[in-house]
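The chain contents come next:
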Amino acid sequence: MGELTVVIPVRDDVRVGRCLASFDEARAHPLVVMNDPTQEVRELVEGTGCDSLTLPAAGGPAACEAGMQSARTAAVLFMDSDCVFHPGTLTSFVDAVGTADFVRGVTIFRHHTRLQRVVARSRVRHTNMPKMLFKVPLLVHRRVLPRIGGYLFDPRLVWTEDFDLTMRVRSSGATTRILRDGVVIHDALTPLRDLTSAYRYGQGHRGGVRLGLDGYKAVSWKSALRVPWGALRRDDPVLAVYDHLFNLSFTAGYKLASALEGGSQ
């Protein structure tokens, strides 16, 4: 019978309590990694009685890596505090332990308004791309670590650490699997919040370019400003416009980070 540890990084998001309440599988053990947590989050997590550890500084990649190293099981599943497990999802992940080095689930997004629905459709399309190993929900078997450099997430990166993982995995020969019934549900996102994330992804991408990591390439305004006329003529021009705004926000984040570094790209 397999077991797994579910690592949940959190700093100030009290929705972690709702995430923990969605656990419905006894073989899946939560491990909350609090990185520079607020007092409210600390009290909430400690009140649940689940396993937890505290890091002195904020940082998602470092929190995920600390959870991986502290887990007592051979397999670790990564989860976010603003998501919940669909009923039966954890059982599907536990049953999938050992079937591949990486088992990636599916993320769906709630929406309550028309604009949130546009964001949800955009996110579903990008978050569930088959060849990407976005870290939620992502099951990792510890046996793969020596083949990808001995670690999962580079602590020097912020916001694009799972892209770096994907690049390293592609050249490692590791096995991957998509678990269609491994579903997590993400809270609704407003366009402002989502585009702010795009901006931060751009900043993170600049970090990967500066470090010379595989797969990271310079971003130009020329390509970002190009209007996607083909996409606009298809059935959902609103979604095409939003994706264009997302790309512009990503590029703006990249360019500002480059300027602050004194870079030319």
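Conventions and cut-offs
Residues numbered from 1 in each chain as written. Predicted model: local features only at pLDDT ≥ 70, side-chain atom pairs only at ≥ 80, totals over all residues. Heavy atoms only, no water. pLDDT = per-residue confidence, 0-100. Helix = DSSP H or I, 4+ residues; strand = E, 2+ residues; numbered from the N terminus. Core = buried A, V, L, I, M, F, W, Y, C linked by side-chain atoms within 4.5 Å. Buried < 20%, exposed > 50% of the residue type's maximum accessible area, 1.4 Å probe, protein only. Contact = heavy atoms within 4.5 Å. Disulfide = S-S within 2.5 Å. Polar contact = N/O pair within 3.5 Å; in protein donor to acceptor, adjacent residues only side chain to side chain. 1 Å grid on protein atoms, 1.4 Å probe; cavity = no way out; pocket = protein on both sides within 12 Å on 5 of 7 lines; lining within 4 Å. Points joined across faces, edges and corners; volume = space filled by probe spheres on them. Nonpolar A, V, L, I, M, F, W, Y, C, P; charged D, E, K, R; others polar.

(A) Quick look at the confidence of the model for the chain. Here the chain averages 93 in pLDDT, while 97% of its residues score no lower than 70. Taking the mean pLDDT of every element in the chain, the minimum, 69, falls on helix α9 (residues 229-232) and the maximum, 98, on strand β5 (residues 83-85).

(B) Quick look at the nonpolar core. Counting 29 residues, the largest nonpolar core has L4, V6, I8, V32, L77, M79 and F85 as the members making the most contacts within it. When residues of this core are traced back to their parent elements, those giving at least two are β1 (4-10), α1 (16-21), β2 (28-35), α2 (39-48), β4 (75-78), β5, α4 (89-96) and β8 (176-186). Beyond its immediate sequence surroundings of up to four residues, L4 is in contact with R27, A28, H29, T73, A75, L77, F93, V94, V97 and L139. With 24 residues, the next largest nonpolar core counts L55, V144, L152 and A174 among its residues.

(C) Expanded view of the state of the cysteines. The tally for this structure, following the rule as stated, stands at zero disulfides. With no disulfide of its own, C50 lies 9.8 Å from the sulfur of C19, the closest cysteine sulfur. Between C83, a free cysteine, and C19, which holds the nearest cysteine sulfur, the sulfur-to-sulfur gap is 7.3 Å. Residue C83 is classed as buried on the basis of its relative accessible area of 1%.

(D) Focus on the environment of H29. Mapping H29 onto the fold places it in strand β2. Taking relative accessible area as the criterion, H29 reaches 28% and is therefore assigned partly exposed. Here the alpha-carbon distance between H29 and C50, two residues 21 residues apart in the chain, equals 8.1 Å. A distance of 2.9 Å separates a polar atom in the side chain of H29 from a polar atom in the side chain of E3.

(E) Main features of the side chain of T73. Along the polypeptide, T73 turns up in the loop between α3 (60-70) and β4. On the accessibility criterion, T73 (12% relative accessible area) is buried. Within the structure, the side chain of T73 is placed 2.7 Å from the side chain of T5, a separation counted as a polar contact. Beyond its immediate chain neighbours, meaning those up to four positions away, T73 contacts E3, L4, T5, H29 and R142.

(F) Fine view of the layout of surface pockets. Roughly 1,800 Å³ of volume is contained in the largest pocket. Put simply, the parts of the chain that give the lining of the largest pocket at least two residues each are β1, α3, β6 (102-109), α5 (114-127), α6 (161-170), α7 (191-211), α8 (221-224) and α10 (237-261). When its residues are assigned to classes, the lining of the largest pocket shows 19 nonpolar, 17 polar and 14 charged. Taken as a whole, the second largest pocket holds about 160 Å³ of empty space.

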